Amino acid sequence: MSHLFEFQQIRAVLDVPYLEKIDVAVPTNLKCGNCSEEAVERLHELGGKSPQG
């Protein structure tokens, strides 16, 4: 089962309206996970945690 399908099922059961900014938020959040090798190395140097936790 895909994450999208599961998300759609949960929303249907909860009768949640279409989220106003989901078309912008989801692609933006997906891009956040694409770090350069340098960024990953720097993160490990800092103890493996991002500034946000």
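Residues numbered from 1 in each chain as written. Predicted model: local features only at pLDDT ≥ 70, side-chain atom pairs only at ≥ 80, totals over all residues. Heavy atoms only, no water.

## Brief notes about the overall build of the chain
In step 1: Scanning the chain from N- to C-terminus turns up three helices and zero strands.
In step 2: For the chain, the N- to C-terminal ordering of α and β elements is α-α-α.
In step 3: Put simply, the chain has 53 residues, and 4% of those count as buried.
In step 4: For the chain, the exposed surface amounts to about 5,200 Å²; the carbon and sulfur share of it is 59%. (Helix = DSSP H or I, 4+ residues; strand = E, 2+ residues; numbered from the N terminus. Buried < 20%, exposed > 50% of the residue type's maximum accessible area, 1.4 Å probe, protein only. Areas by Shrake-Rupley, 256 points an atom, 1.4 Å probe, with all protein chains shown as cover.)

## Some points on unusual backbone geometry
In step 1: If you check the backbone angles, Asp15 has positive phi at about 55° while not being a glycine.
In step 2: Following the sequence through the fold, Asp15 ends up in the loop between helix H1 (3–14) and helix H2 (22–32).

In short, geometric facts, not functional conclusions.
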